[in-house]
Amino acid sequence: MNLFRFFSKPQSAPAARERLQVLLAHERASAGGSDLVAKLKDEILRVISRHMQIDQDKVSVKMERGEQMSTLAVDVEIPFSAVKAAAGRKKAA
Amino acid sequence: MGKVIVVTSGKGGVGKTTSSAALGAALAQNGEKVVVVDFDVGLRNLDLVMGAERRVVYDLVNVIQGEAKLTQALIRDKRVETLYLLPASQTRDKDNLTPEGVEKVIASLKKAFDWVICDSPAGIERGATLAMRHADVAIVVTNPEVSSVRDSDRIIGLLDSKTVKAENGERMEKHLLLTRYDPTRAERGDMLKVDDVLEILSIPLLGIIPESMDVLRASNLGSPVTLADEGSAPSRAYFDAVRRLRGEALPVTVPGERRGFFGKLFGRKAA
């Protein structure tokens, strides 16, 4: 242990800075978008279900906030029967 | 048409009311008409900090509910004649603040004053969102401390989404006011530095108010620090902040305490 350390406690500000940077990066990603993502998911579901039957639980909407730009990923699982039903409806019309 | 400024922070006890009073008094000393509005309904304190606690007759809620005229509720400062205070209610709760009522009051204040300073309550609920709603400029008061910085980040998010400006797709002008800063502790590495906070929050710096006995002294006396002792370190920092608010490009420094000979010899704590 060097003499300086012996007389003073280690610096705490760098830890504060690092903890904040990690925490806020996480909070900004989740808090900023939660409301918007829920709304988007709701509206996307409504549009798709007008044309085919889908399972609400098999739809994932994700927003990732970056420094320069953000990305929106929509992942919808469509069962085979729903595609057939939609095609069948088109033929009948 | 006056400019509406909200002084906000999320976290309590960081110096919103102190800063609202100090900035208001500093702006008014140039002869411009200033009103400082207390939005902390239920827990008003701006009246006390400004030394007008015994002159409150009507308040913001009375005006919103139509029980008093705006001119009846406004209190003129006894020291600076262009400085006014609109107190909050002490007995009612924050549900008495309606969005329509606040909008009307702010609109009339903007016509009569050059600066309308809204002193926000702590938190992110109704009182705080209504205080920021009609602002043209936001001053985010932050202490160099983790919980204050985190809450300021939240408030910045709200300023960019829940204000009239944001809803109209305009950019809200935001400034950071770093209060209770201790350069010695920051230099020692035991307090977040100005640059750390600026990097994390990434909004422009309006001023650095050093931690000082003069702030408590002024509130004890019921006087904004910029009136109580104009030459003190925090006062000089507030006066500089006001010059920047007016658009002057002034380099930001931390005004130091003036020490006498013995103060210089013994005042500085050992590292």
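Right, let's walk through the structure included here. Within each chain, residue numbers correspond to sequence positions counted from 1 in written order. Written order decides the labels, with chains lettered from A and ligands numbered from 1. Local features in this predicted model are restricted to residues of pLDDT 70 or higher, and side-chain atom pairs are both shown and tallied only at a pLDDT of 80 or more, whereas totals for entire chains, interfaces and linings draw on every residue. As a convention, hydrogens and water are excluded, and side-chain values are obtained from all of the structure's heavy atoms.

### Some thoughts on the overall build of chain B
In step 1: A run of H or I in DSSP becomes a helix once it reaches four residues, and a run of E becomes a strand once it reaches two; helices and strands are each numbered from the N terminus. For chain B, the count of helices and strands is 14 helices and eight strands.
In step 2: Throughout, the radius of gyration refers to the C-alpha atoms, and the reference size of a globule is 2.2 Å times the residue count to the power 0.38. Rg of the C-alpha trace for chain B: 18 Å, near the compact-globule value of 18 Å for 271 residues, within the 12% margin.
In step 3: Taken along its principal axes, the extent of the C-alpha atoms in chain B is 60 × 40 × 35 Å.
In step 4: Among the 271 residues that make up chain B, the fraction classed as buried is 54%.
In step 5: Taking the contacts inside chain B whose residues are at least 6 apart along the sequence as the reference set, 74% of them involve residues at least 24 apart.
In step 6: Of the roughly 12,500 Å² of accessible surface on chain B, a fraction of 48% belongs to carbon and sulfur atoms. Burial classification: accessible surface area is computed with a 1.4 Å probe over protein chains only, and a residue below 20% of its type maximum counts as buried, one above 50% as exposed, and the rest as partly exposed. Contact criterion: two residues are considered in contact whenever any of their non-hydrogen atoms come within 4.5 Å of each other. For the area figures, the Shrake-Rupley method with a 1.4 Å probe applies, and any residue is considered shielded solely by the protein chains shown.

### Observations concerning the interface of chain B and chain A
Much of the literature gives interface size as the accessible area that the parts lose upon coming together.
In step 1: Between chain B and chain A, the residue contacts involve 13 residues of the former and 13 residues of the latter.
In step 2: Both sides together, the interface formed by chain B and chain A hides about 1,200 Å², and carbon and sulfur atoms give 53% of it.
In step 3: For the chain B face of the interface with chain A, the top three residues by lost area are V146(B), R150(B) and I200(B), together amounting to 39%.
In step 4: Salt bridges are defined as contacts in which a side-chain nitrogen from Lys or Arg sits within 4 Å of a carboxyl oxygen from Asp or Glu. Summed over the shared surface of chain B and chain A, the result is four salt bridges.
In step 5: For D153(B), the salt bridge identified is with R28(A), shortest N-O distance 2.5 Å.
In step 6: Those elements giving two or more residues to the side of chain B that touches chain A turn out to be α7 (146-159) and α10 (194-201) of chain B.
In step 7: Basically, the charged four are Asp, Glu, Lys and Arg, the nonpolar ten are Ala, Val, Leu, Ile, Met, Phe, Trp, Tyr, Cys and Pro, and anything else, Gly included, counts as polar. Its residues assigned to classes, the side of chain B that touches chain A comprises six nonpolar, one polar and six charged. By definition, the buried area sums, over both parts, the 1.4 Å-probe accessible area that each loses when the two are put together.

### Some points on the sheet that holds strand β5 (residues 115-119) of chain B
Residue and element names in this part refer to chain B.
In step 1: A pair of strands is labelled paired if DSSP reports no fewer than 2 bridges between them. Spatial ordering of the open sheet is given by β3-β4-β2-β5-β1-β6-β7-β8, a layout of eight strands whose pairing is mixed. Two strands lie at the open edges of the sheet, namely β3 (75-76) and β8 (205-210), each paired on one side alone.
In step 2: With six bridges connecting them, strand β6 (residues 137-142) and strand β7 (residues 173-181) associate as parallel partners. Opposite V141, over in β7, you have L177 as the bridge partner.
In step 3: Where helices are involved, their axes are fitted lines through C-alpha atoms of the stretch in contact, as for all axes, and angles between N-to-C directions lie from 0 to 180°. The strands that α7 touches are β1 (3-8), β6 and β7; relative to β6, the one it contacts most, it runs at about 165°.
In step 4: Most of the contacts of helix α13 (residues 233-245) go to β8, to which it runs at about 175°, and overall it touches β1, β5, β6, β7 and β8.

### Looking at the pattern of salt bridges
In step 1: Scanning the entire structure with this criterion turns up 12 salt bridges over all chains.
In step 2: R17(A) is the salt-bridge partner of E199(B), the closest N and O atoms lying 3.3 Å from each other. Pair noted here: E199(B) is in helix α10 and R17(A) is in helix α2 (residues 13-49), and the two residues belong to different chains.
In step 3: According to the relative accessible area criterion, E199(B) is partly exposed, its value standing at 46%.
In step 4: Residue classification places R17(A) among the partly exposed positions, given a relative accessible area of 25%.
In step 5: Ionic pairing is found between D42(A) and R46(A), a salt bridge with its closest N-O pair at 3.3 Å.

### Looking at unusual backbone geometry
Both trends apply: most residues other than glycine have a negative phi, and most peptide bonds are in trans.
Residue and element names in this part refer to chain B.
In step 1: Positive phi, close to 60°, is recorded for R180, a residue that is not glycine.
In step 2: As for its position among the elements, R180 is in strand β7.
In step 3: For R180, a relative accessible area of 43% translates into the label partly exposed.
In step 4: Even without being glycine, S202 reaches a positive phi, approximately 40°.
In step 5: Take S202: it is sitting in the loop between α10 and β8.
In step 6: Overall, the relative accessible area of 57% leaves S202 in the exposed class.

### Re the layout of surface pockets
Residue and element names in this part refer to chain B.
In step 1: Space inside the second largest pocket adds up to approximately 580 Å³.
In step 2: What lines the second largest pocket is a set of 30 residues, among which G13, V14, G15, K16 and T18 lie closest to the centre.
In step 3: Where the lining of the second largest pocket is concerned, the elements lending two or more residues are α1 (16-28), α2 (46-49), β7, β8 and α11 (213-221).
In step 4: Across the lining of the second largest pocket, the residue classes tally to 12 nonpolar, 11 polar and seven charged. Every definition here rests on a 1 Å grid over the protein atoms only: cavities are sets of points where a 1.4 Å probe fits but cannot get out, pockets are open sets enclosed by protein on both sides within 12 Å along at least five of seven lines, and lining residues have some atom within 4 Å of a point. Grid points are joined across faces, edges and corners, and a volume is the space filled by probe spheres set on the points.

### Topic: α7(B)
In step 1: Expected helix span is computed as 1.5 Å times (number of residues minus one). In a regular helix each residue adds 1.5 Å, so 14 residues correspond to 20 Å; α7(B) covers 20 Å between its end C-alpha atoms and thus fits that length.
In step 2: Turning to α7(B), its buried residues number three or more, namely S148(B), V149(B), S152(B), D153(B), I155(B), I156(B), L158(B) and L159(B).

### Here's the deal with the pairing of strand β4 (residues 83-86) of chain B
Residues and elements named next belong to chain B.
In step 1: Here β4 shows a buried face lined by L83 and L85 and a second buried face lined by Y84 and L86.
In step 2: As defined by bridge partners, strand β2 (residues 34-38) adjoins β4 across four bridges and the pair is classed as parallel. Residue pairing across strands places V34 opposite L83, the latter belonging to β4.
In step 3: Inspection of the sheet shows β3 paired to β4 by two bridges, in the antiparallel sense. The residue bridging I75 from the neighbouring strand is L85, located in β4.
In step 4: Adjacent in sequence and paired antiparallel, β3 and β4 are bridged by six residues.

### Re the packing of α7(B) against α10(B)
Residue and element names in this part refer to chain B.
In step 1: At their nearest, the axes of α7 and α10 sit 10 Å apart, and the two run at 35° to each other. α7 and α10 meet at a crossing whose hand is right-handed. For the pair α7 and α10, contact is made by V149, S152, D153 and I156 and by V197, I200 and L201, respectively.
In step 2: For the contact of α7 with α10, a count of residues per class yields five nonpolar, one polar and one charged. Rotating anticlockwise by less than a right angle from the far helix to the near helix defines a left-handed crossing, while the corresponding clockwise rotation defines a right-handed one.

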